[in-house]
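Secondary and tertiary structure notes
If you want the building blocks of each chain, they are given just below.
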Amino acid sequence: MKRIGLLTSGGDAPGMNAAIRAVVRTAIYFGMEVYGIERGYAGLMDDIVIKQEMRSVSNIVQCGGTKLRTARCLEMLTKEGQEKAVKTLEKHGIEGLVVIGGDGSFRGAKVLSEQYGVPTIGIPGTIDNDLQYTDYTLGFDTAVNTCLDIINKLRDTMTSHERVSVVEVMGRHCGDIALYSGIASGAEIIVVPEISFDLENIVARINRSRANGKHSNIIVIAEGVMSAEQFAKKLQSITTHAVRPTCIGHVQRGGSPSMADRMLAAQFGNKAVRLLRDGIGNRAVGIHDNKIIDMDIIEAVSMKKKFNYQLYETLQMISM
Ligand code: F6P
(Lines give C-alpha, C1' and ligand atoms only; values in the text may rest on other atoms or scores of the structure.)
Protein backbone atom coordinates (compact mmCIF):
# COMPACT_ATOMS: atom_id res chain seq x y z
CA MET A 1 0.00 0.00 0.00
CA LYS A 2 1.51 3.33 -1.08
CA ARG A 3 -0.98 5.97 0.00
CA ILE A 4 -3.20 6.03 3.09
CA GLY A 5 -5.74 8.45 4.53
CA LEU A 6 -6.29 9.45 8.13
CA LEU A 7 -9.18 11.12 9.90
CA THR A 8 -10.45 11.84 13.41
CA SER A 9 -14.17 11.59 13.95
CA GLY A 10 -16.84 12.04 16.65
CA GLY A 11 -16.03 13.71 19.98
CA ASP A 12 -12.37 14.67 20.26
CA ALA A 13 -10.16 13.06 22.90
CA PRO A 14 -6.76 13.95 24.38
CA GLY A 15 -4.15 11.87 22.59
CA MET A 16 -5.70 12.15 19.13
CA ASN A 17 -2.90 14.47 18.03
CA ALA A 18 -0.27 12.11 19.37
CA ALA A 19 -1.94 9.30 17.39
CA ILE A 20 -2.00 11.44 14.22
CA ARG A 21 1.72 12.04 14.67
CA ALA A 22 2.39 8.34 15.15
CA VAL A 23 0.41 7.38 12.04
CA VAL A 24 2.04 10.04 9.84
CA ARG A 25 5.59 9.36 11.03
CA THR A 26 5.24 5.55 10.83
CA ALA A 27 3.81 5.77 7.31
CA ILE A 28 6.65 8.05 6.17
CA TYR A 29 9.13 5.66 7.80
CA PHE A 30 7.76 2.88 5.59
CA GLY A 31 7.84 5.08 2.48
CA MET A 32 4.07 5.55 2.32
CA GLU A 33 2.23 8.81 1.67
CA VAL A 34 -0.38 10.04 4.16
CA TYR A 35 -3.32 12.30 3.47
CA GLY A 36 -5.15 13.92 6.38
CA ILE A 37 -8.88 14.32 5.94
CA GLU A 38 -10.14 17.32 7.91
CA ARG A 39 -13.40 17.34 9.91
CA GLY A 40 -13.78 13.56 9.97
CA TYR A 41 -16.15 11.91 7.50
CA ALA A 42 -17.51 15.38 6.67
CA GLY A 43 -14.12 16.07 5.07
CA LEU A 44 -14.67 13.09 2.80
CA MET A 45 -18.06 14.53 1.76
CA ASP A 46 -16.50 17.93 1.06
CA ASP A 47 -13.14 16.72 -0.26
CA ILE A 48 -10.90 18.40 2.35
CA VAL A 49 -7.86 16.19 1.91
CA ILE A 50 -4.36 17.48 2.74
CA LYS A 51 -1.02 15.76 2.31
CA GLN A 52 0.83 15.31 5.62
CA GLU A 53 4.59 15.61 5.89
CA MET A 54 7.06 14.80 8.64
CA ARG A 55 6.91 18.40 9.85
CA SER A 56 3.12 18.79 9.60
CA VAL A 57 2.89 16.82 12.82
CA SER A 58 5.69 18.57 14.74
CA ASN A 59 4.93 19.90 18.19
CA ILE A 60 1.51 18.28 18.56
CA VAL A 61 2.26 15.25 20.77
CA GLN A 62 1.50 17.35 23.85
CA CYS A 63 -1.63 19.07 22.52
CA GLY A 64 -5.22 18.17 23.33
CA GLY A 65 -7.90 18.25 20.62
CA THR A 66 -7.17 17.17 17.06
CA LYS A 67 -5.27 19.16 14.44
CA LEU A 68 -7.38 17.48 11.74
CA ARG A 69 -10.49 18.73 13.52
CA THR A 70 -13.52 16.50 13.89
CA ALA A 71 -17.26 16.35 13.34
CA ARG A 72 -20.23 14.09 13.81
CA CYS A 73 -21.31 13.38 10.22
CA LEU A 74 -24.91 12.23 9.74
CA GLU A 75 -24.44 12.03 5.97
CA MET A 76 -22.06 9.10 6.48
CA LEU A 77 -25.07 7.08 7.68
CA THR A 78 -26.68 7.35 4.23
CA LYS A 79 -25.83 5.38 1.09
CA GLU A 80 -25.27 8.60 -0.88
CA GLY A 81 -22.87 9.86 1.80
CA GLN A 82 -20.95 6.61 1.85
CA GLU A 83 -20.60 6.63 -1.94
CA LYS A 84 -19.34 10.23 -1.81
CA ALA A 85 -16.75 9.20 0.78
CA VAL A 86 -15.51 6.34 -1.41
CA LYS A 87 -15.34 8.64 -4.48
CA THR A 88 -13.14 11.12 -2.58
CA LEU A 89 -10.82 8.34 -1.49
CA GLU A 90 -10.59 7.08 -5.08
CA LYS A 91 -10.01 10.58 -6.45
CA HIS A 92 -6.90 10.94 -4.26
CA GLY A 93 -5.69 7.40 -4.85
CA ILE A 94 -6.06 6.59 -1.15
CA GLU A 95 -5.84 2.82 -0.78
CA GLY A 96 -6.38 2.42 2.96
CA LEU A 97 -7.78 4.50 5.79
CA VAL A 98 -7.08 5.00 9.49
CA VAL A 99 -10.07 6.22 11.50
CA ILE A 100 -9.50 7.58 15.02
CA GLY A 101 -12.75 7.83 16.94
CA GLY A 102 -15.40 6.17 19.06
CA ASP A 103 -18.02 3.57 18.27
CA GLY A 104 -19.99 5.81 15.87
CA SER A 105 -16.82 6.44 13.89
CA PHE A 106 -16.03 2.73 13.88
CA ARG A 107 -19.44 2.04 12.36
CA GLY A 108 -18.51 4.29 9.42
CA ALA A 109 -15.20 2.43 9.15
CA LYS A 110 -17.03 -0.88 9.20
CA VAL A 111 -19.24 0.19 6.27
CA LEU A 112 -16.23 1.31 4.24
CA SER A 113 -14.48 -2.00 4.85
CA GLU A 114 -17.43 -4.32 4.59
CA GLN A 115 -19.46 -2.78 1.78
CA TYR A 116 -16.91 -0.89 -0.29
CA GLY A 117 -13.76 -2.94 0.22
CA VAL A 118 -11.67 -0.05 1.57
CA PRO A 119 -9.12 -1.52 4.01
CA THR A 120 -9.77 0.46 7.17
CA ILE A 121 -8.14 0.41 10.59
CA GLY A 122 -9.91 1.82 13.67
CA ILE A 123 -8.02 3.47 16.52
CA PRO A 124 -10.27 3.83 19.60
CA GLY A 125 -10.24 7.54 20.42
CA THR A 126 -12.91 8.58 22.90
CA ILE A 127 -12.92 9.67 26.53
CA ASP A 128 -15.89 7.35 27.19
CA ASN A 129 -13.99 4.02 27.37
CA ASP A 130 -17.13 2.39 26.03
CA LEU A 131 -15.61 -0.14 23.62
CA GLN A 132 -15.54 -3.66 25.02
CA TYR A 133 -12.75 -5.09 22.87
CA THR A 134 -10.10 -2.76 24.31
CA ASP A 135 -9.26 -2.25 27.99
CA TYR A 136 -8.70 1.47 27.39
CA THR A 137 -9.60 4.01 24.75
CA LEU A 138 -7.43 6.98 23.90
CA GLY A 139 -8.30 10.01 26.02
CA PHE A 140 -9.98 8.18 28.89
CA ASP A 141 -6.98 8.42 31.22
CA THR A 142 -6.51 12.16 30.64
CA ALA A 143 -10.24 12.83 31.04
CA VAL A 144 -10.34 10.95 34.34
CA ASN A 145 -7.27 12.86 35.56
CA THR A 146 -8.98 16.15 34.69
CA CYS A 147 -12.05 15.03 36.65
CA LEU A 148 -9.81 14.11 39.59
CA ASP A 149 -8.24 17.56 39.63
CA ILE A 150 -11.69 19.16 39.80
CA ILE A 151 -13.02 16.71 42.40
CA ASN A 152 -9.95 17.36 44.61
CA LYS A 153 -10.81 21.05 44.54
CA LEU A 154 -14.46 20.35 45.28
CA ARG A 155 -13.45 18.20 48.26
CA ASP A 156 -11.62 21.20 49.78
CA THR A 157 -14.58 23.52 49.72
CA MET A 158 -17.17 20.81 50.52
CA THR A 159 -15.20 19.85 53.64
CA SER A 160 -14.92 23.46 54.82
CA HIS A 161 -18.69 23.88 54.51
CA GLU A 162 -19.66 20.30 55.43
CA ARG A 163 -21.56 19.84 52.19
CA VAL A 164 -22.41 17.09 49.72
CA SER A 165 -21.03 17.55 46.22
CA VAL A 166 -22.79 15.97 43.26
CA VAL A 167 -20.34 15.94 40.35
CA GLU A 168 -21.50 15.08 36.85
CA VAL A 169 -19.02 13.50 34.45
CA MET A 170 -19.41 12.47 30.82
CA GLY A 171 -19.43 8.97 29.30
CA ARG A 172 -22.65 8.88 27.30
CA HIS A 173 -24.23 5.49 28.30
CA CYS A 174 -21.07 4.20 29.93
CA GLY A 175 -20.21 4.63 33.63
CA ASP A 176 -16.43 4.16 33.34
CA ILE A 177 -15.42 7.81 33.75
CA ALA A 178 -17.61 7.97 36.89
CA LEU A 179 -16.30 4.63 38.18
CA TYR A 180 -12.61 5.43 37.78
CA SER A 181 -12.81 9.05 38.90
CA GLY A 182 -14.99 7.96 41.83
CA ILE A 183 -12.50 5.37 43.07
CA ALA A 184 -9.42 7.48 42.44
CA SER A 185 -10.84 10.60 44.11
CA GLY A 186 -12.16 8.80 47.17
CA ALA A 187 -15.78 9.64 46.34
CA GLU A 188 -18.21 7.98 48.73
CA ILE A 189 -20.81 7.20 46.09
CA ILE A 190 -20.98 6.76 42.33
CA VAL A 191 -24.16 6.67 40.31
CA VAL A 192 -23.86 5.00 36.90
CA PRO A 193 -26.30 3.93 34.17
CA GLU A 194 -25.32 0.26 34.59
CA ILE A 195 -26.63 0.03 38.20
CA SER A 196 -29.95 1.32 39.53
CA PHE A 197 -29.74 3.58 42.56
CA ASP A 198 -31.84 4.05 45.68
CA LEU A 199 -31.91 7.60 47.04
CA GLU A 200 -32.75 6.45 50.60
CA ASN A 201 -29.70 4.17 50.60
CA ILE A 202 -27.53 7.03 49.44
CA VAL A 203 -28.78 9.24 52.26
CA ALA A 204 -28.18 6.41 54.75
CA ARG A 205 -24.62 6.07 53.43
CA ILE A 206 -24.02 9.80 53.79
CA ASN A 207 -25.39 9.79 57.35
CA ARG A 208 -23.25 6.80 58.27
CA SER A 209 -20.12 8.50 56.99
CA ARG A 210 -20.94 11.67 58.92
CA ALA A 211 -21.50 9.63 62.10
CA ASN A 212 -18.05 8.12 61.43
CA GLY A 213 -16.44 11.57 61.39
CA LYS A 214 -16.59 12.65 57.75
CA HIS A 215 -17.19 16.34 57.05
CA SER A 216 -18.10 16.15 53.37
CA ASN A 217 -19.31 13.75 50.68
CA ILE A 218 -18.62 13.41 47.00
CA ILE A 219 -21.13 11.72 44.71
CA VAL A 220 -19.91 11.21 41.15
CA ILE A 221 -22.79 10.79 38.73
CA ALA A 222 -22.47 9.72 35.10
CA GLU A 223 -24.33 11.90 32.60
CA GLY A 224 -26.16 8.81 31.32
CA VAL A 225 -28.19 8.67 34.56
CA MET A 226 -29.30 12.32 34.88
CA SER A 227 -27.75 15.74 35.36
CA ALA A 228 -26.01 16.71 38.60
CA GLU A 229 -28.57 19.46 39.00
CA GLN A 230 -31.55 17.08 38.77
CA PHE A 231 -29.92 14.58 41.11
CA ALA A 232 -28.94 17.26 43.64
CA LYS A 233 -32.53 18.52 43.69
CA LYS A 234 -33.89 15.04 44.43
CA LEU A 235 -31.28 14.44 47.11
CA GLN A 236 -31.78 17.83 48.75
CA SER A 237 -35.49 17.08 49.15
CA ILE A 238 -34.71 14.20 51.54
CA THR A 239 -31.60 15.34 53.41
CA THR A 240 -30.72 18.24 55.67
CA HIS A 241 -27.09 18.28 54.51
CA ALA A 242 -26.42 21.05 52.02
CA VAL A 243 -26.08 19.62 48.49
CA ARG A 244 -24.28 21.40 45.61
CA PRO A 245 -24.23 20.26 41.96
CA THR A 246 -21.25 20.66 39.60
CA CYS A 247 -21.14 19.64 35.94
CA ILE A 248 -17.57 19.19 34.70
CA GLY A 249 -18.70 19.23 31.07
CA HIS A 250 -16.39 19.65 28.10
CA VAL A 251 -13.41 20.65 30.25
CA GLN A 252 -12.81 16.90 30.68
CA ARG A 253 -12.39 16.50 26.92
CA GLY A 254 -9.55 18.98 26.58
CA GLY A 255 -6.02 19.34 27.84
CA SER A 256 -2.59 17.92 27.28
CA PRO A 257 -2.70 14.10 27.12
CA SER A 258 -1.33 12.11 30.04
CA MET A 259 1.69 9.82 29.70
CA ALA A 260 -0.67 6.83 29.49
CA ASP A 261 -2.60 8.35 26.58
CA ARG A 262 0.55 9.42 24.72
CA MET A 263 1.91 5.88 25.04
CA LEU A 264 -1.34 4.39 23.75
CA ALA A 265 -1.37 6.90 20.88
CA ALA A 266 2.17 6.03 19.82
CA GLN A 267 1.48 2.30 19.86
CA PHE A 268 -2.00 2.42 18.32
CA GLY A 269 -0.82 4.69 15.49
CA ASN A 270 2.25 2.59 14.81
CA LYS A 271 0.27 -0.65 14.82
CA ALA A 272 -2.45 0.73 12.52
CA VAL A 273 0.08 1.64 9.83
CA ARG A 274 1.99 -1.63 10.17
CA LEU A 275 -1.25 -3.50 9.51
CA LEU A 276 -2.01 -1.48 6.37
CA ARG A 277 1.59 -1.84 5.19
CA ASP A 278 1.19 -5.61 5.48
CA GLY A 279 -1.97 -5.41 3.38
CA ILE A 280 -4.22 -6.12 6.38
CA GLY A 281 -7.39 -4.04 6.66
CA ASN A 282 -10.68 -4.04 8.50
CA ARG A 283 -9.13 -4.30 11.96
CA ALA A 284 -9.51 -2.31 15.15
CA VAL A 285 -6.43 -1.83 17.31
CA GLY A 286 -6.62 -1.79 21.09
CA ILE A 287 -4.94 -2.84 24.29
CA HIS A 288 -5.74 -5.94 26.32
CA ASP A 289 -3.80 -7.22 29.35
CA ASN A 290 -1.12 -4.62 28.61
CA LYS A 291 -0.55 -5.88 25.07
CA ILE A 292 -1.37 -4.05 21.87
CA ILE A 293 -3.93 -6.11 19.97
CA ASP A 294 -5.96 -5.94 16.79
CA MET A 295 -9.23 -7.62 15.97
CA ASP A 296 -11.85 -7.71 13.25
CA ILE A 297 -13.50 -4.27 13.21
CA ILE A 298 -16.99 -5.73 12.70
CA GLU A 299 -16.56 -7.99 15.69
CA ALA A 300 -15.08 -5.12 17.72
CA VAL A 301 -18.09 -2.84 17.21
CA SER A 302 -20.58 -5.59 17.91
CA MET A 303 -19.20 -6.49 21.35
CA LYS A 304 -21.37 -5.24 24.20
CA LYS A 305 -19.53 -3.20 26.83
CA LYS A 306 -19.41 -4.95 30.22
CA PHE A 307 -19.39 -2.95 33.45
CA ASN A 308 -16.67 -3.77 35.99
CA TYR A 309 -18.76 -4.76 39.03
CA GLN A 310 -15.67 -5.78 40.96
CA LEU A 311 -14.35 -2.20 40.85
CA TYR A 312 -17.77 -0.95 41.89
CA GLU A 313 -17.75 -3.23 44.93
CA THR A 314 -14.23 -2.10 45.76
CA LEU A 315 -15.46 1.48 45.89
CA GLN A 316 -18.34 0.47 48.13
CA MET A 317 -15.89 -1.16 50.55
CA ILE A 318 -13.15 1.45 50.72
CA SER A 319 -14.98 4.76 50.42
CA MET A 320 -16.72 5.15 53.72
O1 F6P B 1 -18.31 10.71 23.22
C2 F6P B 1 -17.65 11.73 23.90
C3 F6P B 1 -18.62 12.65 24.58
O4 F6P B 1 -17.88 13.64 25.25
C5 F6P B 1 -19.61 11.99 25.52
O6 F6P B 1 -19.05 11.68 26.77
C7 F6P B 1 -20.70 13.02 25.57
O8 F6P B 1 -21.94 12.42 25.86
C9 F6P B 1 -20.70 13.58 24.19
O10 F6P B 1 -19.43 13.28 23.63
C11 F6P B 1 -20.96 15.06 24.11
O12 F6P B 1 -21.05 15.39 22.79
P13 F6P B 1 -20.99 16.88 22.24
O14 F6P B 1 -19.61 17.40 22.45
O15 F6P B 1 -21.32 16.73 20.80
O16 F6P B 1 -21.98 17.66 23.02
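Residues numbered from 1 in each chain as written. Predicted model: local features only at pLDDT ≥ 70, side-chain atom pairs only at ≥ 80, totals over all residues. Heavy atoms only, no water.

**With respect to the packing of aromatic side chains**
Inspection of every chain in the model, using the stated rule, returns 8 aromatic pairs. When the ring of Tyr 29 is compared with that of Phe 30, the centres are 5.3 Å apart and the planes differ by 80°; the resulting orientation is edge-to-face. Judged by relative accessible area, which is 21%, Phe 30 ranks as partly exposed. Measuring from centroid to centroid gives 6.4 Å for Tyr 136 and Tyr 180, while their planes differ by 80°, and the two rings are edge-to-face. (Phe/Tyr/Trp six-rings, centres within 6.5 Å; stacked < 30°, edge-to-face > 60°. Buried < 20%, exposed > 50% of the residue type's maximum accessible area, 1.4 Å probe, protein only.)

**Topic: the site of the ligand**
In the region of the ligand, the neighbouring residues are Arg 72, Thr 126, Ile 127, Asp 128, Met 170, Gly 171, Arg 172, Glu 223, His 250 and Arg 253. Contact distances for the ligand include 3.1 Å between an oxygen atom and a backbone N or O atom of Gly 171. Arg 172 is positioned with one of its side-chain polar atoms (N or O) 3.3 Å from an oxygen atom of the ligand. Protein contacts shield 74% of the accessible area of the ligand, which totals 400 Å² for the unbound molecule. Among the residues forming the shell around the ligand, the class breakdown is 2 nonpolar, 3 polar and 5 charged. (Near = heavy atom within 4 Å. Polar contact = N/O pair within 3.5 Å; in protein donor to acceptor, adjacent residues only side chain to side chain. Areas by Shrake-Rupley, 256 points an atom, 1.4 Å probe, with all protein chains shown as cover. Nonpolar A, V, L, I, M, F, W, Y, C, P; charged D, E, K, R; others polar.)

**Here we look at the pattern of salt bridges**
Per the stated rule, a full pass over the model turns up 18 salt bridges. Here Glu 188 makes a salt bridge to Arg 155, at a shortest N to O gap of 2.9 Å. You can see Glu 188 sitting in the loop between helix H6 (176–185) and strand E7 (189–191) and its partner Arg 155 sitting in helix H5 (residues 140–161), a full 33 residues away along the chain. (Salt bridge = Lys/Arg side-chain N within 4 Å of Asp/Glu carboxyl O. Helix = DSSP H or I, 4+ residues; strand = E, 2+ residues; numbered from the N terminus.)

**Describing the packing of H6 against helix H11 (residues 309–318)**
Contact geometry of H6 with H11 gives a least axis separation of 10 Å together with a crossing angle of 35°. The hand of the H6/H11 crossing is left-handed. In contact with Leu 179, Tyr 180, Gly 182 and Ile 183 of H6, H11 contributes Leu 311, Tyr 312 and Leu 315. In terms of residue class, the contact of H6 with H11 is built from 6 nonpolar, 1 polar and no charged. (Axes fitted to C-alpha atoms, helices over the stretch in contact; angles between N-to-C directions. Left-handed = near helix turned anticlockwise from the far one by under 90°. Contact = heavy atoms within 4.5 Å.)

**Section: unusual backbone geometry**
Phi at Asp 289 takes a positive value of approximately 50°, unusual for a residue other than glycine. Within the element layout of this structure, Asp 289 appears in the loop between strand E10 (283–288) and strand E11 (291–296). The phi torsion at Asn 290 lies on the positive side, around 70°, for a residue other than glycine. In this structure, Asn 290 sits in the loop between E10 and E11.

**A closer look at the nonpolar core**
Grouped together as the largest cluster of nonpolar side chains are 55 residues, with contacts concentrated most on Ile 4, Leu 6, Val 98, Ile 100 and Ile 123. Look past the residues within four positions of Leu 6 in its chain and what remains in contact with it is Ile 20, Val 23, Val 24, Val 34, Tyr 35, Gly 36, Ile 37, Leu 68, Leu 97, Val 98 and Ile 100. The next biggest cluster of nonpolar side chains, apart from the first, holds 28 residues, and it includes Leu 44, Cys 73, Val 86 and Met 295. (Core = buried A, V, L, I, M, F, W, Y, C linked by side-chain atoms within 4.5 Å.)

**Digging into the sheet that holds strand E2 (residues 33–37)**
With respect to topology, 7 strands assemble into an open sheet ordered E3-E2-E1-E4-E5-E10-E11, the strand pairing being mixed. Pairing within the sheet leaves two strands with one partner each, and these edge strands are strand E3 (49–52) and E11. Neighbouring strand axes in the sheet, compared pairwise and without regard to direction, differ in orientation by 30° on average. As paired elements, strand E4 (residues 96–101) and strand E5 (residues 120–124) share 5 bridges and run parallel to each other. Residue pairing across strands places Val 98 opposite Ile 121, the latter belonging to E5. (Pairing = 2+ DSSP bridges.)

**As for the domain arrangement of the protein**
How big an interface is tends to be expressed through the accessible area that disappears when the partners come together. Partitioning the protein into domains gives domain 1 (3–139 + 257–302) and domain 2 (143–254). Using only C-alpha atoms to locate each centre, domain 1 and domain 2 end up separated by 34 Å. Taken together, both faces of the contact between domain 1 and domain 2 bury some 960 Å²; the carbon and sulfur share is 47%. The partner of Asp 128 in a salt bridge is Arg 172, with the nearest N and O atoms 3.9 Å apart. Across the domain 1-domain 2 interface, the total number found is 3 residue pairs in polar contact (both at pLDDT 80 or more). When grouped by side-chain class, the residues that make up the side of domain 1 that touches domain 2 number 4 nonpolar, 4 polar and 4 charged. (Domains from an automatic or database assignment. Buried area = accessible area lost by both parts, 1.4 Å probe.)

**Describing the pairing of E5**
Counting buried positions along E5 gives 5 out of 5 residues, so the element sits mostly inside the fold. Alternating residues of E5 divide into Thr 120, Gly 122 and Pro 124 and Ile 121 and Ile 123, and every residue in both groups is buried. Remark: the E4/helix H4 (residues 103–116)/E5 crossover connection has right-handed handedness. With 2 bridges connecting them, E5 and E10 associate as parallel partners. In the strand pairing of E10, Gly 122 is matched with Ala 284. (Right-handed = clockwise from strand over helix to strand, strands pointing away.)

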